[in-house]
Amino acid sequence: MIALLEAGEPLAGLSIERIARTAGVGKATIYRRWSGKEELFVDVVRDMEPTDPPLSGTAGLADLRVMLESLRTRGLAQRSSVLLVNIFAQMKSHPKLWEEYHGTVIAPRRVAMLEAVRRAVAAGELRDDLDVELIDDLFVGPMLVRTVHRPDAPLPDDLADRIISALLQGLAPAARV
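Residues numbered from 1 in each chain as written. Predicted model: local features only at pLDDT ≥ 70, side-chain atom pairs only at ≥ 80, totals over all residues. Heavy atoms only, no water.

This next bit is on the overall build of the protein chain. Broken down by element type, the protein chain carries nine helices and zero strands. Oriented by its inertia axes, the alpha-carbon framework of the protein chain measures out at about 75 × 30 × 25 Å. Residue burial in the protein chain is summarised as follows: out of 177 residues, 37% are buried. Computing the positive centroid from 22 side-chain charges and the negative centroid from 25, the protein chain places the two 5 Å apart. (Helix = DSSP H or I, 4+ residues; strand = E, 2+ residues; numbered from the N terminus. Buried < 20%, exposed > 50% of the residue type's maximum accessible area, 1.4 Å probe, protein only. Lys, Arg positive; Asp, Glu negative; His and termini not counted. Charge placed at Lys NZ, Arg CZ, Asp CG, Glu CD.)

Before going further, it helps to examine the layout of surface pockets. Approximately 1,100 Å³ is the volume attributed to the largest pocket. What lines the largest pocket is a set of 39 residues, and nearest its centre among them are L71, Y101, I106, L144 and V148. Element by element, the count of residues in the lining of the largest pocket is highest for helix 5 (residues 61–79), at nine residues. Taken together, the residues of the lining of the largest pocket break down into 23 nonpolar, seven polar and nine charged. Empty space within the second largest pocket amounts to approximately 190 Å³. Every residue along the wall of the second largest pocket is listed here: L126, R127, L130, I135, L138, F139, L167, L168, G170 and L171. Mapped by element, the contributors of at least two residues to the lining of the second largest pocket are helix 8 (132–149) and helix 9 (159–169). (1 Å grid on protein atoms, 1.4 Å probe; cavity = no way out; pocket = protein on both sides within 12 Å on 5 of 7 lines; lining within 4 Å. Points joined across faces, edges and corners; volume = space filled by probe spheres on them. Nonpolar A, V, L, I, M, F, W, Y, C, P; charged D, E, K, R; others polar.)

As enumerated under the stated definition, the model contains one aromatic pair in all. Centroid distance W98 to Y101: 5.6 Å. Interplanar angle 35 degrees. Geometry classified as tilted. Taken together, the positions of W98 and Y101, both in helix 7 (residues 95–122) and three residues apart, correspond to about one turn of that helix. For W98, a relative accessible area of 33% gives the class partly exposed. You can call Y101 buried: its relative accessible area is 6%. (Phe/Tyr/Trp six-rings, centres within 6.5 Å; stacked < 30°, edge-to-face > 60°.)

Topologically, D63 is positioned in helix 5. Here D63 falls in the buried class, since its relative accessible area comes to 3%. Ignoring sequence-local partners within four residues, the contact set of D63 consists of L55, S56, G57, T58, A116 and R119. (Contact = heavy atoms within 4.5 Å.)

Glancing now at the pattern of salt bridges. For the structure on display, the rule yields 15 salt bridges. Here E100 ties to R46 by a salt bridge, and the two come within 2.7 Å at their closest N and O atoms. With E100 in helix 7 and R46 in helix 4 (residues 37–48), this residue pair connects regions lying 54 residues apart in the sequence. E100 sits in the partly exposed class, given a relative accessible area of 35%. We note a salt bridge from D52 to R109, for which the minimum N-O separation is 2.7 Å. Highlighted residues: D52 in the loop between helix 4 and helix 5 and R109 in helix 7, separated in sequence by 57 residues. Overall, D52 belongs to the partly exposed group, its relative accessible area being 40%. The class of R109 is buried, set by a relative accessible area of 15%. Because the salt bridges share partners, they merge into one network encompassing R110, E133, D136 and D137. (Salt bridge = Lys/Arg side-chain N within 4 Å of Asp/Glu carboxyl O.)

Here's what the structure looks like:
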């Protein structure tokens, strides 16, 4: 299936028979594990996802930085891969596939981010009078805009640090004396 997607084939144009033929196996081999091409597609996408970086589980801002950097590097990989561009285009046109991907890939990462934000709040690294989900969105939002919505935007090595620094220092101009 990867070879076909890499060639730019849309999911709608693929059949289990064609996938099996390309893989050099019989249709029964595929149907033993997957009920259809959509389930196979989701497994292929899951397997292609890079492993999440190890987190301390005790640090707050340090773990947030690690996760933001992981988002940045995944964004760089997606920009340079015809296969990944095709895969994400397919998911956007198949809501059920997107829902499955979201539930198994994105949601666990969001939980990990929220836990890191909570640790940072508990450690006094972040304000405790703001909603944790809002804080999480403030950290993740700029990286998602750069990696997903603005494919022409630069993704410099220090972007995660710059986002964290801007949020911690605030956006108001320095007080004039």
